[in-house]
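# Structural description and commentary
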Amino acid sequence: MTAAGLFLDHYGLALPPGDWRTHSELPVGVGMASSTADIVATLRCLFRVFSLPYDMDVVLGILADIERADSVFLDEFALYLSGRHRVVRRLGPDVGFHTAFVTEPGTVDTAAVTPLLLDHYRRRGEEYQRCLTDLVKGFDSGDPAAVARAATISAALSQEVLPKAAFDSLRAHRERFGADGVFVAHTGCLVGYLFTSRPRAEVKSELSAFFHSLGHQCTFAQGGYG
């Protein structure tokens with residue numbers, strides 16, 4: 001509603017009469033950028049309702065007035081400053097993964113955890129810098145396995161702030177399943193595997209059983225844009 005109000009104020013418009021209904025399959029507070037996704041979906045709807053050309057600068061301005069945001073409104077990977085709402089570098093849409101992940105119990109208050117994360121990033125600046133360098137090299141060379149390795153290092157660092165109960169088990173069994181990396185939601189409850197190619201049916205069955213042994217229902221999804 002805040003996003004809609006800011007949009008209408010920006011263009012000097014008023015909503016036409018009628019009902020406003022929304023639906024989202026994204027769980028809240030688990031690290032899927034649900035709040036940013038809802039805001040962007042609302043704005044895209046409003047651009048269509050009023051037959052206005054989509055304006056990224058307007059979207060960024062509205063996001064900046066509401067919250068830190070993830071770059072889920074882009075159609076490619078990017079280095080993005082979530083607090084400043086600025087794209088530093090576009091990394092393209094060519095890298096993609098197949099994922100197997102679980103959502104651990106609980107939700108995360110993103111605003112409350114942000115100061116802890118920022119302090120952690122400062123303390124571990126050198127490790128994150130090396131990780132970022134390797135990540136960008138992976139994107140530049142179109143090497144998803146390199147990106148997955150960098151994601152695993154970043155996930156391990158994240159354990160110091162928002163630990164995932166299943167992380168150590170996943171990392172210990174990564175080679176068994178042929179996964180290329182382990183990823184987590186850095187402000188949420190997700191943890192899972194990255195595969196550069198689609199896991200075979202028997203591997204998916206084994207993964208489901210493995211995650212079930214940890215007390216979780218496994219979800220399979222394609223990630224990225226490639």
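Up top is the structure these notes are about.
Thresholds applied
- Residues numbered from 1 in each chain as written.
- Predicted model: local features only at pLDDT ≥ 70, side-chain atom pairs only at ≥ 80, totals over all residues.
- Heavy atoms only, no water.
- Pairing = 2+ DSSP bridges.
- Helix = DSSP H or I, 4+ residues; strand = E, 2+ residues; numbered from the N terminus.
- Axes fitted to C-alpha atoms, helices over the stretch in contact; angles between N-to-C directions.

Next up on the list: the pairing of strand E2 (residues 86–92). With 5 bridges connecting them, strand E1 (residues 77–81) and E2 associate as antiparallel partners. Its bridge partner being in E2, Ala78 is matched across the sheet by Arg90. Between the end of E1 and the start of E2, which pair antiparallel, lie 4 residues, with His85 showing a positive phi angle near 55°.

Strands sit in the order E4-E5-E3-E6 across an open sheet of 4 strands; the sheet is antiparallel. The sheet is open, and its two edges are formed by strand E4 (181–184) and strand E6 (219–224), each paired on a single side. Here the average twist between neighbouring strands, direction ignored, is 35°. As judged from the 6 bridges shared by strand E3 (residues 96–103) and E6, these two strands associate in the antiparallel manner. Bridging from a neighbouring strand, His98 pairs with Gln222 of E6.

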